[in-house]
Amino acid sequence: MECSEVREALSAWADGERGPDAGREEPNVEAAVRAHVAGCSGCAEFEEAMRGLVELSGLVAQEPVPDLAGSVLARRRRRGESRVFVLRWGIALMGGAELVNALYSFVAHGGQEGHATHESLSFTIAICLGLLLAAYRPALARGYLPVIGTAVGLLLVTAVLDVSGGRTSALDELPHVDLLTGCVLLWLLAREQPGGPAPAWRGRVRRPRPPTYGGLRVVSRSLVRPARIGLGTAFAAGLVLLAGGPASAHAVLTDSDPAQGAVLTSAPTRVSLTFDESVTTPAGAVRVFAPDGHRVDSGRVTADGPRVSVGLESAARGTYLVSWRVVSDDSHPVSGAFTFSVGAASAAPTAPTVSTDGGVQTALGVARWVGYVGSALLVGGLLFLCVCWPGGWSTRRAPRLVLAGAVLLVLGAVASLLLKGPLDAGLGWSALGRGELLQEVVGTTYGRATLTRGVLGLLLGLLVLGRGRLSARELGVLGGLLGACEAVSFALAGHAVAGDVRLLAILSESVHVLAMSVWLGGLAVLVVGSVWRDDGARRVVLRFSSIALGSVVALLATGLFQAWRQVRSFSALTPTTYGRELTIKVMLVVMVLGVAATTRALLRRRGALSTLRRAVALESLIVLAVLGVTSALVATEPARSAYRPTVAADLSLAGDAVQVSAVPVGDRQSQLHVYVFGADGQLADPAEVRASVTLPERAVGPLPVALGTAGPGHRQALLSVPMVGTWRLAVTVRTSEVDEETGYVELPIR
């Protein structure tokens, strides 16, 4: 056989076909081909090459592929069930929170409110019950959504109208945010129910695109997003402007009836005090003492926003003492006293000393610090485990640390509620646990915010205990939402609720607390947890390092805003307690930022894990110290209201040089000094020096100032005014019968 015939046969056999000899009748064709191949090296190489090609192109039988459709659908089904579980708990939380608020308002006010208020509370309670029923039976969500959605929408519209009309403040409408949140969660729950719109996790339903008319649809869609952004920004800016007000950080007595130092012809039936912001009245808020030292007020104090009054049961002649102690919007007690006289002045009575118990105040600061630490361990630790180290849930230390944070948060909230009443009333440890004081505290914004914080801590702790039903992502999202609500509760119990731009201040304070919790909570898990034993410890630390950097940036931005809002001037830093504490906090923050930068440098240079752990531990300790100073700052009067600078001015009157100085010595009081220098530069005594004060903005005055002689060319007086404001001091110097001149000095008096 020829080589060509043999190779054609080998190729045909390799392809599974019949060769060119298929029509031949020689039975030994294959034997002849094999014999030729055995004797021909070229054909043998051809057969080997053909065999290699067959092996390369041949199909090898594989094991059957398992059907994963069932498991994929089951996983999606489990995710849907977990999402429904999260939505149900969220709806129950929002509805329950608003229900507690509505029931408290209904019971606390009783029959004092009108019929319209009772109807409004009834509708609110009905909406809350609907949310709770929908959480209990999700199948009802689709039926309840139109009714509850309409009610909540109308509530939002009326709230915006009332705020814009000045009938209420945006801060008073904040408690209704939970109804809006519950309505949104109810809509999401309705999407998950059979027969409703397809939920997001089942895939998006593609709808037919509307027809276009000369590109009109494209143009309209291009304008929708900018319009939404513009309207949203304008609405937010409007709320910020509406929420801002002229109130100061601590309540200040602006007016009283009778006025301070007034001499009346007959005894008044009531004593009224007016402050620059709404106040709450603890037990014994206003006490009036007769000239003989006996208490003559009725004890029934009434408060209507910034105005507080009490009945008087005395007609004796002489000087009366009014001692007052109220709680300002930012939850801090302020106190003071003034006198007035009936008929003629006499010796002022001495009131029993009412002072703040230092032990109670310190204990309240410790409770606040415990709450901050608990928030950090709970919220920050939970987010760290969900985002940076999901494997930490299988360890023992890390979950226990998060649960310890829940315990500390609840204990701090309970202790704050118990200690606030005795501190506000100035009664000390003996009043701890009194039911009436606790009821008064719970009725304030501070009390409701603190109570809500304790409930949120309890819910977060239960969420951590039952984490098996949720994925790490769902647990992190729900924990982050509840943690944000908890941060808002801290803001509502501090300086943010008083002063200007309140809404922006509350938002800033909330972000500040949340960023602190994320940063410190992650550091605590890194120090106490078993992260360093994990093979991927460096990867976990790198992931947290980026989150910590974002938290630090948020802390610095919000901290600068709060410092500007509470200080306003560098000159107020040194002479005020708030300024000194703020300076210490800034120094500690600079130290911790230096340690954090060192830690990041070690991480980038792949330093030893033991060195990294020590650096993280030092960073955590300094942050704990920062929290301690923060707890003190929350309880300290802001520098902007505590700073009372000395006013000094030089005048040239009737040929003499006059130096005027006013040194603040108390509420609405200043020590006034007037020095007169002659043409030779020496102290001189002119024929007469007179002074008076006027408050132009309130049309008060002129009120004479009794100047006394303190020495050659030196006059002084204790200037006491009936209300705060920028007073105008008039100083008149008379050198002869006809020569006199008057000069004016502006005196800001608080």
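Residues numbered from 1 in each chain as written. Predicted model: local features only at pLDDT ≥ 70, side-chain atom pairs only at ≥ 80, totals over all residues. Heavy atoms only, no water.

S.K.: Lay out the sheet that holds strand S5 (residues 297-304) in plain terms, naming residues and giving numbers.
M.R.: A sheet is described by the order of its strands in space; here four strands give the open sequence S1-S3-S6-S5, paired in antiparallel fashion. Edge positions in the sheet fall to strand S1 (253-257) and S5, since each of these pairs with one other strand and no more. In this sheet, neighbouring strand axes are inclined to one another by 15 degrees on average, regardless of whether the strands run parallel or antiparallel. Alignment of S1 against strand S3 (residues 270-275), held across four bridges, turns out to be antiparallel. (Pairing = 2+ DSSP bridges. Helix = DSSP H or I, 4+ residues; strand = E, 2+ residues; numbered from the N terminus. Axes fitted to C-alpha atoms, helices over the stretch in contact; angles between N-to-C directions.)

S.K.: Which residues make up the sheet that holds strand S14 (residues 708-711), and what are the values?
M.R.: Read from one edge to the other, the open sheet built from five strands follows the order S9-S10-S11-S15-S14, with strand pairing classed as antiparallel. If you trace the sheet from one side to the other, it starts and ends with strand S9 (647-653) and S14, each paired once. The average undirected angle you get between the axes of adjacent strands in this sheet is 25 degrees. Of the pairings in the sheet, the one linking strand S10 (residues 656-666) to strand S11 (residues 669-677) comprises nine bridges and is antiparallel in character. Along S11, the bridge assignment pairs proline 664 with serine 670.

S.K.: Would you mind going over the packing of helix H11 (residues 397-425) against helix H12 (residues 435-442) in detail, with residue names and values included?
M.R.: Running from amino to carboxyl end, H11 crosses H12 at an angle of 100 degrees, the nearest separation of the two axes being 8 Å. Considered as vectors, H11 and H12 are oriented roughly perpendicular to each other. Here Leu417, Lys420, Gly421, Pro422 and Ala425 of H11 lie close against H12, whose contacting residues are Leu437, Leu438 and Val441. Along the lines of polarity and charge, the residues of the contact of H11 with H12 split into six nonpolar, one polar and one charged. (Parallel < 35°, antiparallel > 145°, perpendicular 65-115°, else oblique. Contact = heavy atoms within 4.5 Å. Nonpolar A, V, L, I, M, F, W, Y, C, P; charged D, E, K, R; others polar.)

S.K.: Could you give me a rundown of the packing of aromatic side chains, with the residues and numbers involved?
M.R.: Applying the stated criterion to the full structure yields five aromatic pairs. Judged by centre distance (5.3 Å) and plane angle (5 degrees), the ring pair of tyrosine 320 and phenylalanine 340 falls under stacked. Note that tyrosine 320 is positioned in strand S7 (residues 318-327) and phenylalanine 340 in strand S8 (residues 333-342), a separation of 20 residues in sequence. A relative accessible area of 1% means that phenylalanine 340 is categorised as buried. Here the aromatic rings of phenylalanine 561 and tryptophan 564 are separated by 6.0 Å at their centres, their planes lie at 35 degrees, and the arrangement is tilted. Of the two residues, phenylalanine 561 and tryptophan 564 both sit in helix H16 (residues 537-567), three residues apart, roughly one turn of that helix. Here arginine 453 stacks its cationic end above the ring of phenylalanine 490, 4.0 Å away from the centre of that ring. (Phe/Tyr/Trp six-rings, centres within 6.5 Å; stacked < 30°, edge-to-face > 60°. Buried < 20%, exposed > 50% of the residue type's maximum accessible area, 1.4 Å probe, protein only. Lys NZ or Arg CZ within 6 Å of the ring centre and 35° of its normal.)

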